[in-house]
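As a plain string of letters, each chain reads:
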There are 2 protein chains.
Amino acid sequence: MSVLVVGSIAFDTVETPHGRREEMLGGSATHFACAARYFTQVRVVAVVGTDFPSGGIEFFNSRGVDVEGVQVREGKTFRWEAVYHGDMAQARTLATHLNVFKDFAPTIPDSYRDSPFVFLANIDPDLQADVLRQVKKPILVAADTMNHWIADKRESVRKLLGAADVAILNDAEAKMLTDEHNLAPAAEKIRSYGTKYVVVKKGEHGAMVFGEGLRFALPGFPLDDVRDPTGAGDTFAGGFMGRIAQLGDGIVQRTGVRSGGDGEFDRGGD
Amino acid sequence: MSVLVVGSIAFDTVETPHGRREEMLGGSATHFACAARYFTQVRVVAVVGTDFPSGGIEFFNSRGVDVEGVQVREGKTFRWEAVYHGDMAQARTLATHLNVFKDFAPTIPDSYRDSPFVFLANIDPDLQADVLRQVKKPILVAADTMNHWIADKRESVRKLLGAADVAILNDAEAKMLTDEHNLAPAAEKIRSYGTKYVVVKKGEHGAMVFGEGLRFALPGFPLDDVRDPTGAGDTFAGGFMGRIAQLGDGIVQRTGVRSGGDGEFDRGGD
């Protein structure tokens, strides 16, 4: 079954101890889509500027990613520039040019509204909520966020994650969102917002999932050579959601998500 | 089969977000012994001052830990004072009073020299080497170290770990010792010193073991309530070595350690 991702398409300029690359195709939707596409059909809603090259669209087409939902707006595509030092655990952002992404108002094409699986990448939580209002009874919704939104719109983030079936965020964000120093109580607090499962990404240390009566951890696969960690979290989310979508609604029924509550965002659809 | 630990016995004064405790019985040998004792017989070589209370010895006796090898020297017992903030991932040392530990020269009692399993806790690597010269053909030797010794005696640390069958150290130490930013190549470099297995402790993130054709990782068990992480690494090492010693030399033969090379420290004994 297909998965819809709503997020960013960007050009990233990144320097690591291994070198520097300019204007690489990136953004949360790109990384998510490429990973999820190993498992299932992927639909993308994002925005690019009129400078976005045809080669970018061809890249998605060549992978069979559906980009009908990618809007083209007058202006430049989102740019991000960062440098990683040492173990590359933390990116230091040098420049963020939102450009056309600044006024992104995701519109879900009619043909996408019945998407059974939905991933809300880390955009403004109020826009994530808008997406939920536009889709029709998805089987499973997962949502990510980031420190920026937690700092600026904490209550919106909490409501949005509470309305999702699965919250996918990293350990620092989970602690920041809940004012907890310890991961297990942080995850339980996020579950108390209403989400059934909390997936915590821990970078090279792997990931954990928390649910009712469930705590499961997997270490990261140890790589000999790490070149650029940009997009690793969205890539992980893409693999996670892609595989679940591939398995279809059977896996979801067995794990008990989507038990019928619609909640704040009227997710039952029109 | 019994395990010998050579390390410190100390009194720790520790403050965490949960409170402050003064003069708690601590030190690497103490934490190691208490954990290993769940699995097997434990022999301790360490030093305490004439101020060490009879209650301390009774503590070990009550757990059935053999403290015949604990020397009593004129002076005060090792004291350490530290504070942990936030997620308690890092201790900030406020005071270190080595006291009698400053001139600790471990002497292995005759009755301990045939100990089949040996753990060298993080003391001066030259003293760790002295211990290796005093024991007779142990089945398996594991050694820990710490940042202090890596900074001051890097070559001695490398030789000592190379002479052990298992190096047990934390991720920051592994990277520091090898000048590597990435854990997998750091561990492989430590193996190149001569040690067969490298166990990397990653705090709350669990542990990994690297060997010939072997990379195995386990996440940490997620705790809801962490009060004081002091001694966690030595406790882990105690459980690790205690369980191996309990299983005896069969497990060691199957995993191929102690294949017969004696090396630098004439570990074949006298």
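Computed from a prediction, not measured in an experiment: that's the story for all the values here.

Engineer: Explain the relation of the copies chain A and chain B here, please?
Structural biologist: Here the two chain copies are tied together by a rotation about an axis and a shift along that axis. At an RMSD of 0.0 Å, chain A and chain B line up after a rotation of 180° and a shift of 0.0 Å along the axis. Between the two chains, the operation in question is that of a two-fold axis. Take the interface residues of chain A: 100% of them recur as interface residues in chain B, which is what a same-surface contact looks like.

Engineer: When you look at the pattern of salt bridges in this model, what are you seeing that I'm missing?
Structural biologist: A side chain of one charge can pair with a side chain of the opposite charge when the charged atoms of the two come close. Residue and element names in this part refer to chain B. Counted according to the given criterion, the structure contains 40 salt bridges over all chains. The shortest N-O distance in the salt bridge between Arg-43 and Asp-114 comes to 3.5 Å. In this pair, Arg-43 sits in strand 4 (residues 42-49) while Asp-114 sits in the loop between strand 7 (91-97) and strand 8 (117-120), placing the two residues 71 residues apart along the sequence. With relative accessibility at 47%, the residue Asp-114 sits in the partly exposed group. Here Lys-153 and Asp-126 are joined by a salt bridge, their closest N and O atoms 2.7 Å apart.

Engineer: When you look at the sheet that holds strand 3 (residues 19-26) of chain A in this model, what are you seeing that I'm missing?
Structural biologist: Strands belonging to one sheet form pairs held by backbone hydrogen bonds; the direction of such a pair is parallel or antiparallel. Residue and element names in this part refer to chain A. Pairing is mixed in the open sheet, where four strands are placed in the order 3-2-6-7. Whereas interior strands pair on both sides, the edge strands pair on one side only; in this sheet they are strand 3 and strand 7 (91-97). Going across the sheet, the axis of each strand differs from the next one's by a mean of 15°, ignoring polarity. The sheet contact formed by strand 2 (residues 10-16) and strand 3 spans six bridges and is antiparallel. Across the sheet, Val-14 pairs through a bridge with Arg-21, a residue of strand 3.

Engineer: In this structure, what is going on with the sheet that holds strand 4 of chain B? I would like to understand it.
Structural biologist: Residues and elements named next belong to chain B. Across the sheet, which stays open at both edges, the nine strands sit in the order 5-4-1-8-9-10-11-12-13 with mixed pairing between neighbours. Each of the sheet's edge strands pairs with one partner strand only, and the pair in question is strand 5 (66-73) and strand 13 (214-218). Pairs of neighbouring strands in the sheet enclose a mean axial angle of 15°, with direction left out of account. In this sheet, strand 5 lies alongside strand 4 in parallel orientation, the contact comprising six bridges. By the bridge assignment, Val-47 is partnered in strand 5 with Gln-71. Contacting strand 10 (166-170) and strand 11 (197-201), helix 6 (residues 171-178) crosses the sheet at an angle of about 110° to strand 10. Packed onto the sheet, helix 8 (residues 232-247) meets strand 1 (3-6), strand 8, strand 9 (140-143), strand 10, strand 11 and strand 12 (207-211) and runs at close to 170° relative to strand 8.

How each quantity is defined
- Residues take numbers from 1 onward in each chain, read along the sequence in its written order.
- Each chain takes a letter, starting from A, and each ligand takes a number, starting from 1, following the order in which they are written.
- Residue-level local features of this predicted model are given only where pLDDT is at least 70; pairs of side-chain atoms are given and counted only at 80 or more, and the full residue set underlies all totals for whole chains, interfaces and linings.
- Water and hydrogen atoms play no part in the side-chain values, which are based on all heavy atoms of the structure.
- The least-squares superposition of copies is restricted to C-alpha atoms, and to residues with a pLDDT of at least 70 in both copies.
- Two residues form a contact once any of their heavy atoms are found within 4.5 Å.
- Salt bridges are defined as contacts in which a side-chain nitrogen from Lys or Arg sits within 4 Å of a carboxyl oxygen from Asp or Glu.
- Secondary structure follows DSSP: runs of H or I at least 4 residues long count as helices, runs of E at least 2 residues long count as strands, and numbering of each begins at the N terminus.
- With a 1.4 Å probe rolled over the protein chains alone, any residue whose accessible area is under 20% of its type maximum counts as buried; one over 50% counts as exposed, and the rest are partly exposed.
- DSSP-based pairing: two strands are paired if at least 2 bridges between them are found.
- Only the contacting stretch of a helix is used when fitting its axis, a line to C-alpha atoms as for every element, and angles between N-to-C directions run 0 to 180 degrees.

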